[in-house]
Amino acid sequence: MQDEHELIQQVYAAKEDMEAADRLIGSYMPFIKSETAKFLKRPPMEGHDDELSIAMIAFHEAVRGYSRSRGAFLKYAAMIMKSRLIDYRRKEQRHGNVISLDAPAGEDDAPLSDTIADETDHNEAYVVREATRAEIEELTRQMREFGVSLSDVADNCPKQQRTLEACRKALWHAKEHPELLDELLKTRRLPIARLSEGSGTERKTLERHRKYMVALLLIYTNGYEIIRGHLTQVMKGVAV
Amino acid sequence: MKYIVMECHPSYAVLLDEEGRFVKAANLHYETGQTVCEPVLMREEPVKQRNRLRWARSGFAAVAACFLLLIGLNYYRSTLTAYSSIYLTINPEVQMDLNRKGAVIRLEGINEDGAALLEDYEYKGKDRLTVADDLIERAIDMGFLAEGGQVSFSIDAPDEALVQKYGEELQTEVLKHLENRYTITVEVVNHQTGETESSQKTQGAQEAQDLPEPSDTQNTQEAITVPVVPEGGSDYGDTDYGPDSDGATDYSDTDYGPGSDGATDYSDTDYGPGSDGATDYSDTDYGPGSDGDTAYTPPAQSGNASSYDDGSSSYSSSDYDSDEDSESGSDYEEDDDDDEDDDD
């Protein structure tokens, strides 16, 4: 009982803190594995079975969605994990009639993938990925100066399309007035008042999504060409 | 939709989609910087249901508050606001505010004497009639009202019927209160029209003695009540019942009652005091004319000793000895009945 109570306290702490949630998952890994094994009817292999990852993200969801009124946490988590795994299996079943690339082709034992002409340049892909990783690392470092982590930004990201567009409007305004971006870098503070005034976005919206706005504006300051290239949809409305 | 893997954790990954959303997803062996297509995104916690519940709850609260407000307003209107007023004028003038139910909610002296009259008077929880009586009593005590004086009730109500009702009520009550003590005129005035509805005088102590008691006339009036007699002479006119019976009825000849002549149409019986001992039943075993050769003993009517004592009764010989077990009880019963008949 005491143990259960402690777990619930940990769960409540992990609701706000992504790192605590990560630690909680680490200590409950055997539980997650056993639940996944029940589903797969065989022990899952770490680093190989996607199901284990699904179960882990489901555990995160359980931590978020749990409240004391829902009963025992572990039963709740087990239920969430099971339903997510079922969802995942149904999604994968759509590709059920596809032959694996690793299946042997013809008489010789060479896998099927070898017979297909590979059009993508592995080297180039590797280079691009490394460049992207470098950009991301630089962005993470710069964000840390603002006291913002990527996990925070993911939590702080607008959920509604309307809010997302409002934030985007503020970003366009900042892009048209580079002095705002300079000020952001110099003072390490988000010029909320002027952004709100210039873009017509509610001040409250910007305050609520401050971390997200910081990340978005930093991406549009300097460098980060690859990330910016990825965000094709964001700048769609600007030209209009 | 393509996603860039921004950050990798053992249990999840942070991805960035093309619209600028940062999302969390299952880490399906991703590496930072990788571009992925179909990630398993982390779902948001279900908040919808709780919101709906909150809506329902606040809606209920709002409805409840409205009801309370309505009830409160109704209560306020019916009990706390002045609906009608009564102005009591002796010399001191006093305004009495009543609510819809007719209870006194405020008393105010209009002139100085009125204020003096109301000093230290506690009206809370008192009926309007009690208040009127009390105030008049106080006015008498304080010397505002004396023998031969006048009390005026001016009633201000939005409803004519209510003015009437209050007026009659107050007048009756005050007249009753001052009866046989003072000669005081009680006047009721409709405040809105200024018309005097009625004016009555109480009878002072002397006057009350001089006048004949009004209750007497009432009694004589009541005594005239006549019992209803149907006309045309019914056959029920002549009865032997009641004080005015003549003793002669249509039942000309009976052997009952004081007018019996002892001779009935039942000329010859062996019953009663007029029995001659000779009946048409020439030979029976009953009565004194029995010859004794029946199985039955002579009946008790003739003054003999009861048949049970008779040694020659058949009980001993026939029933009790021979078939005692089966029929004796019933036989006995029958015999007994016969005996009783004879007794008459």
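This text gives an overview of the structure that appears in the document.

Here is what the cut-offs are and how they apply
- Residues numbered from 1 in each chain as written.
- Chains lettered and ligands numbered in written order.
- Predicted model: local features only at pLDDT ≥ 70, side-chain atom pairs only at ≥ 80, totals over all residues.
- Helix = DSSP H or I, 4+ residues; strand = E, 2+ residues; numbered from the N terminus.
- Contact = placed C-beta atoms within 7 Å.
- Buried ≥ 20, exposed ≤ 12 C-beta atoms within 10 Å, placed from the backbone.
- Pairing = 2+ DSSP bridges.
- Axes fitted to C-alpha atoms, helices over the stretch in contact; angles between N-to-C directions.

## Re the overall build of chain B
Move 1: When helices and strands are tallied, chain B shows 8 helices and 10 strands.
Move 2: At a minimum sequence separation of 6, the contacts of chain B that also span at least 24 residues come to 38%.

## Notes on the overall build of chain A
Move 1: For chain A, the count of helices and strands is 14 helices and 0 strands.
Move 2: In chain A, the succession of α and β elements from N to C terminus is α-α-α-α-α-α-α-α-α-α-α-α-α-α.
Move 3: Counting over 240 residues, chain A shows a buried share of 28%.
Move 4: Considering only residue pairs separated by 6 or more positions, chain A has 56% of its internal contacts joining residues 24 or more positions apart.

## So, the sheet that holds strand 2 (residues 13-17) of chain B
Residues and elements named next belong to chain B.
Move 1: Pairing is antiparallel in the open sheet, where 4 strands are placed in the order 3-2-1-4. A strand with exactly one partner marks an edge of an open sheet, and here the two such strands are strand 3 (22-25) and strand 4 (35-36).
Move 2: Of the pairings in the sheet, the one linking strand 2 to strand 3 comprises 4 bridges and is antiparallel in character. Bridge pairing in strand 3 links Leu-15 to Val-23.

## Section: the sheet that holds strand 6 (residues 93-98) of chain B
Residues and elements named next belong to chain B.
Move 1: Pairing is mixed across the open sheet formed by 6 strands, whose spatial order is 7-6-5-8-9-10. Edge strands, defined here as strands with exactly one partner in the open sheet, are strand 7 (104-109) and strand 10 (196-201). Averaged over neighbouring strand pairs, the angle between their axes works out to 15° when direction is ignored.
Move 2: When strand 5 (residues 84-89) meets strand 6, the two strands line up antiparallel, connected through 6 bridges. Opposite Leu-88, over in strand 6, you have Val-94 as the bridge partner.
Move 3: Together, strand 5, strand 6, strand 7 and strand 8 (150-156) form the strand contacts of helix 3 (residues 128-141), whose direction differs from that of strand 6 by roughly 170°.

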